[in-house]
Protein chains: 4
Amino acid sequence: MDPKEYDLPHDFLHWEGDAAEDHSGPFFYRLTDDGIETTFRIQPHHCNSGQTVHGGVLMMFADYSLCVAAIAGTNESCLTLSCNNEFVDKAVAGERILGRCELIRRTGSLAFVRVQLMVEQRIILTSSGVIKRIQLAKATSD
Amino acid sequence: MDPKEYDLPHDFLHWEGDAAEDHSGPFFYRLTDDGIETTFRIQPHHCNSGQTVHGGVLMMFADYSLCVAAIAGTNESCLTLSCNNEFVDKAVAGERILGRCELIRRTGSLAFVRVQLMVEQRIILTSSGVIKRIQLAKATSD
Amino acid sequence: MDPKEYDLPHDFLHWEGDAAEDHSGPFFYRLTDDGIETTFRIQPHHCNSGQTVHGGVLMMFADYSLCVAAIAGTNESCLTLSCNNEFVDKAVAGERILGRCELIRRTGSLAFVRVQLMVEQRIILTSSGVIKRIQLAKATSD
Amino acid sequence: MDPKEYDLPHDFLHWEGDAAEDHSGPFFYRLTDDGIETTFRIQPHHCNSGQTVHGGVLMMFADYSLCVAAIAGTNESCLTLSCNNEFVDKAVAGERILGRCELIRRTGSLAFVRVQLMVEQRIILTSSGVIKRIQLAKATSD
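To start, this report covers the structure provided alongside it. For clarity, every value in this text was computed on a predicted model and none was experimentally measured. (Residues numbered from 1 in each chain as written. Chains lettered and ligands numbered in written order. Predicted model: local features only at pLDDT ≥ 70, side-chain atom pairs only at ≥ 80, totals over all residues. Heavy atoms only, no water.)

1. Describing the pairing of strand β2 (residues 35–41) of chain C
All names here are of chain C. Selection criterion: Relative accessibility under 20% of the residue-type maximum defines a buried residue, over 50% an exposed one, and the middle range a partly exposed one, all with a 1.4 Å probe and only protein chains included. Comment: elements are numbered from the N terminus, with helices defined as DSSP H or I runs of at least four residues and strands as E runs of at least two. Following DSSP output, two strands are said to pair if at least two bridges run between them.
Extensive coverage of β2 is indicated by the burial of 6 of its 7 residues. Strand direction decides the pairing type here: strand β1 (residues 28–32) and β2, joined by 5 bridges, are antiparallel. Looking at β2, one finds that Thr32 is bridged to Gly35. Relative to strand β4 (residues 96–106), β2 runs antiparallel, the two sharing 5 bridges. Paired with Glu37 across the bridge in β4 is Arg100.

Laid out in structure tokens, this is it:
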């Protein structure tokens, strides 16, 4: 998956191996000095009967964003425990969604994360989650 | 869209005209004496890299279920304001998700709804939402 | 604390040792064949400027209810990770709130719980939470 | 209610007429150039049996903070529709909670708001809500 095919900045990366995210997305991420950002381009198959981006697609992308933020650039795996979403505004096909992720806290076993989905300066969705960290060689528990 | 193609009970119905739900689903619903039920069959393209159903797909289906419950068999439209989700258990490709919807309350402008997603007797996700009702000929507001 | 002082059924029990719950409550619980129930009587100091029960008091009581349900009659301790609330209807001083708790699932380390707060047949608040179990002699982790 | 009695900065204000907030608080707020801030001093009667601030007290204060942010310095009234909370860290009696509020968006009928509760640089709770605006002379609806 290449971000340029979707007219997205070329330094965004793609996470390989998640069939659902590729089918319903595709979604991209990058690590910046200001934290982790995620993005996707709204296409007609992301839209509901009102021709705006489907809330379910936004929540799926929010979940993706929360997990990318939770693992914070490592190769850990993770599991979402809770995900809360407020639908602030609409967006339409052709617009680019940018996710601004915040890693609130990581304990030994959990991550607390938030994301705001934006189209330029417009906030589209706010989301927060509690994520369970799954470390490959788990030595400690919180 | 025909529920039989997905080995689902033939009395489930399909809502026409939502490209996102057809692309990421398809999802189905029916009105029973016990309330509204929703369903879909988990396919490989609904799964994450761990080969279990993606949390984002479950939230998208939960949002679909909440909206079907909110309009309660009418031809109203609606808008999700908030959607909260707890990820209780895993499910895998081939399993059938059943959504048991509860219409908690409808006011003039809002609906409060909940849904439990099940695989047989196993609860997979709990979700709740506040939904804004959009009536075609809006005469009153709450 | 005696439930009869608040005109509550005499078989409700009081949890000793939580200063905040006694100050902002008091709250009571009982184990029934249908699951765990919680209750309190709305008093003037539970009400907002509109003379209805304050949403914060309802959330505090919901959190109490979720934790009572999570430990399920044991003497475990617990910690709320997330708590989501929808404010469905109003209630006034003198009315009795009944919490109908549901233990959705307990894993080795977590509990998934829901509660509906009712005044007779009227639903006042729906709440759901993810709770971390804290076992006194912790032998396993999930 | 005087913030100085609780060793809080003297420019914080008190909202008169809410019995529940005075009983379970008291809570204070101020409008700054960076947005709305709220505060309270944790006292023994705010604490649970573990001698840390009770999650229910934090949610009640979060709800207060969300509503103060939602009305944004006006004399509007408001009603919380949904309030979601993640419990990030502990705090103890004597510590001062500061709420950093964000007004995400106001429409004609709704406000989308978030708050982070902090003790110095430590995040204690994240909360978000959808609030219904109640205007005294309501001319338009969203």
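2. Regarding the sheet that holds strand β5 (residues 110–119) of chain B
How we decide: Only C-alpha atoms enter the line fits that serve as axes; for helices the fit covers just the stretch in contact. Angles between N-to-C directions range over 0 to 180 degrees.
Read from one edge of the open sheet, 12 strands run β1(A)-β2(A)-β4(A)-β5(A)-β6(A)-β3(A)-β3(B)-β6(B)-β5(B)-β4(B)-β2(B)-β1(B), paired in antiparallel fashion. Sheet topology places β1 (28–32) of chain A together with β1 (28–32) of chain B at the edges, where each strand pairs with a single neighbour. On average, each strand axis in the sheet is tilted by 25° relative to the strand beside it, whichever way the strands run. Both strand β4 (residues 96–106) of chain B and β5 of chain B contribute to a ladder of 8 bridges, which runs antiparallel.

3. A few points about the nonpolar core
As a rule of thumb, soluble globular proteins bury nonpolar side chains together. Stated precisely, the cut-off is as follows: In plain words, nonpolar cores are sets of buried Ala, Val, Leu, Ile, Met, Phe, Trp, Tyr and Cys residues tied together by side-chain atoms within 4.5 Å.
In terms of nonpolar packing, the biggest core is built from 70 residues, with Phe40 and Ile97 of chain C together with Phe40 and Ile97 of chain D touching the most fellow members. Core analysis: the next-biggest nonpolar cluster, separate from the first, contains 66 residues, Leu58, Ala62 and Ile97 of chain A together with Leu58 of chain B among them.

4. Side note on the interface of chain B and chain A
Short version of the rule: Whether two residues are in contact is decided by their heavy atoms: any pair within 4.5 Å suffices. Put simply, buried area is how much 1.4 Å-probe accessible surface two parts lose in total, over both of them, once they are put together. Salt bridge, as used here, is a side-chain nitrogen of Lys or Arg placed within 4 Å of a carboxyl oxygen of Asp or Glu.
Contacts between chain B and chain A engage 30 residues on the former and 30 residues on the latter. Note on chain B versus chain A: buried area summed over both sides is about 2,300 Å², and carbon and sulfur give 58% of it. Linking chain B to chain A there are 0 salt bridges. The leading source of residues in the side of chain B that touches chain A is strand β3 (residues 77–87) of chain B, at 9 residues. The pairing of strand β3 (residues 77–87) of chain A with β3 of chain B spans 5 bridges and is antiparallel. By the bridge assignment for β3 of chain B, Cys83 of chain A is matched with Asn85 of chain B.

Note that all results are geometric; they support no functional claim without further evidence.
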